[in-house]
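Chain by chain, the residues:
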Amino acid sequence: MKLFIDTADINEIKEIASWGILDGVTTNPTLLAKCGRSLQDVIDEIFKLVDGPISLEALSEKAEDMVTEAKQIISKIPQNYRKNVAIKIPMTSEGLKAVKILCKEGIKTNVTLIFSANQALLAAKAGATFVSPFIGRLDDNGQEGMRVIEEIMEIFCNYDIQTEVIVASIRHPIHVIESARLGADIATVPPDVLRKMIKHPLTDAGIKSFLKDWEKVKK
Ligand code: E4P
């Protein structure tokens, strides 16, 4: 399973990219607002740090405006990084129309704010490169988010659908394990959850005792 980082925080992306585990980045307006820096600066840095799909959100409501916005976003990215841009398009009928047009023009799309398998199926049929089901928000709403991933994976597998599933809105490490067990293509994971995935108390205790015993070894 590929791992994307779900943040616009450059320091976090820099640090976690150095672990050698990152395959891409997802951002959204909330994450960009949190980092408090100029949008274009942040975007330029992200593309230099990670060589993989980078999702940037289009916020227009009409299909033709989404397409124009997508092209504007891409035009501001240096030519050599453009292959990595994925335009986030919201799951609406206008969004589907935009995905169809962008797909024909060879522009990658990530259909976002997906909360059901039917939405994922429609996005895939319109030509989405990626679909992003938001599992944490479903859990918050009293539904089991992971069941939606199970349904999407089953349907995409039944019909050999090439659209990749990005498990989004991940809240804890078990979400990542379950995504991988279900065969999701990608999990986009916030930095704090990636840090938790490293840790195990027995690893820490093991390092401590090995260091202690190393002192006793005759050298
Ligand atoms: C990623 O593409 C999504 O924007 C993100 O995972 C949403 O996460 P949240 O539900 O924690 O805001």
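Our subject in this report is the structure included herewith. If you're wondering where the values come from, they're calculated on a predicted model, not measured in any experiment.

Reading guide: rules and limits
Residues numbered from 1 in each chain as written. Predicted model: local features only at pLDDT ≥ 70, side-chain atom pairs only at ≥ 80, totals over all residues. Heavy atoms only, no water. Core = buried A, V, L, I, M, F, W, Y, C linked by side-chain atoms within 4.5 Å. Buried < 20%, exposed > 50% of the residue type's maximum accessible area, 1.4 Å probe, protein only. Contact = heavy atoms within 4.5 Å. Helix = DSSP H or I, 4+ residues; strand = E, 2+ residues; numbered from the N terminus. Expected span 1.5 Å × (residues − 1). Arc of directions from axis to C-beta. Pairing = 2+ DSSP bridges. Axes fitted to C-alpha atoms, helices over the stretch in contact; angles between N-to-C directions. Near = heavy atom within 4 Å. Polar contact = N/O pair within 3.5 Å; in protein donor to acceptor, adjacent residues only side chain to side chain. Areas by Shrake-Rupley, 256 points an atom, 1.4 Å probe, with all protein chains shown as cover. Nonpolar A, V, L, I, M, F, W, Y, C, P; charged D, E, K, R; others polar. Phe/Tyr/Trp six-rings, centres within 6.5 Å; stacked < 30°, edge-to-face > 60°. Parallel < 35°, antiparallel > 145°, perpendicular 65-115°, else oblique. Left-handed = near helix turned anticlockwise from the far one by under 90°.

Points about the nonpolar core
Membership of the largest hydrophobic core comes to 60 residues, with the highest contact counts inside it found for Leu-56, Ile-87, Ile-89, Ala-123, Val-131, Ile-170 and Val-189. With residues near it in sequence (within four places) discarded, Val-131 still touches Asn-110, Val-111, Ile-114, Ala-120, Ala-123, Ala-124, Phe-156, Thr-163, Glu-164, Val-165 and Ile-166. Counting five residues, the second largest nonpolar core, distinct from the first, contains Phe-4, Ala-86, Phe-130 and Ile-166.

Here we look at helix α8 (residues 145–158)
It helps to recall that an α-helix has 3.6 residues per turn; residues three or four apart then point in one direction. The end-to-end C-alpha distance of α8, which contains 14 residues, comes to 21 Å, matching closely the 20 Å that a straight helix rising 1.5 Å per residue would cover. When α8 is considered as a whole, its buried residues turn out to be Gly-145, Met-146, Val-148, Ile-149, Ile-152, Met-153 and Phe-156. Buried residues of α8, viewed axially, fall in a sector of 150 degrees; they line one side. Across from the buried face of α8, at angles greater than 90 degrees, the exposed residues are Glu-154 and Asn-158. Where α8 is buried, its residues contact α6 (117–126), β6 (130–133), α7 (135–140), β7 (164–167) and α9 (173–181). Remark: Asp-160 follows α8 within two positions and exhibits a positive phi of approximately 50 degrees.

Side note on the pairing of strand β3 (residues 54–57)
In summary, the side chains of a regular strand alternate between the two faces of the sheet. Where burial is concerned, the two faces of β3 agree: the one with Ile-54 and Leu-56 and the one with Ser-55 and Glu-57 are both buried. Where strand β2 (residues 24–26) and β3 come together, two bridges link them in parallel fashion. If you follow Thr-26 over to β3, its bridge partner there is Ser-55. Two elements, β3 and strand β4 (residues 85–90), share four bridges in a ladder whose sense is parallel. Within β4, the position partnered with Glu-57 by the bridge is Lys-88.

Describing the sheet that holds β6
Read once around its circumference, the closed barrel built from eight strands follows the order β1-β2-β3-β4-β5-β6-β7-β8, with strand pairing classed as parallel. Averaged over all adjacent pairs, the angle separating strand axes in this sheet is 30 degrees, with direction ignored. Strand direction decides the pairing type here: strand β1 (residues 2–6) and strand β8 (residues 186–189), joined by four bridges, are parallel. When the bridges of β8 are listed, Phe-4 appears paired with Thr-188. Contacts from helix α10 (residues 191–198) reach β1 and β8, with the element oriented near 135 degrees to β1.

Some remarks on the site of the ligand
As a structural note, the neighbourhood of the ligand is formed by Asp-6, Thr-26, Asn-28, Lys-88, Phe-134, Arg-137, Ala-168, Ser-169 and Arg-171. Here an oxygen atom of the ligand sits 2.7 Å away from a polar atom, N or O, in the side chain of Asn-28. Within the side chain of Arg-137, one N or O atom sits 2.7 Å away from an oxygen atom of the ligand. When the ligand is considered free in solution it has 340 Å² of accessible area, and contact with the protein chains removes 84% of it. Grouping the amino acids of the shell around the ligand by side-chain chemistry returns two nonpolar, three polar and four charged.

Section: the side chain of Ser-55
Topologically, Ser-55 is positioned in strand β3. A residue is classified by how much of its surface remains accessible, and Ser-55, at 1% relative accessible area, is buried. For Ser-55, the residues in contact, after removing those within four places along its chain, are Val-25, Thr-26, Thr-27, Ala-86, Lys-88 and Asn-110.

Looking at the packing of aromatic side chains
For the structure on display, the rule yields three aromatic pairs. On the numbers, 5.7 Å between centres and 70 degrees between planes, the contact of Phe-115 with Phe-134 is edge-to-face. Of the two residues, Phe-115 is situated in the loop between β5 (108–114) and α6 and Phe-134 in the loop between β6 and α7; the sequence distance between them amounts to 19 residues.

Focus on the packing of helix α4 (residues 63–75) against helix α5 (residues 93–104)
Between α4 and α5, whose axes approach to 8 Å, the crossing angle comes to 45 degrees. Relative to α5, the element α4 lies oblique. Crossing hand, α4 versus α5: right-handed. Contact with α4, carried on its side by Ala-63, Met-66, Val-67 and Ala-70, involves Glu-94, Gly-95, Lys-97, Ala-98, Ile-101 and Leu-102 of α5 and no other residues of that element. Taken together, the residues of the contact of α4 with α5 break down into seven nonpolar, one polar and two charged.

By themselves, these figures tell us nothing about what the structure is for.
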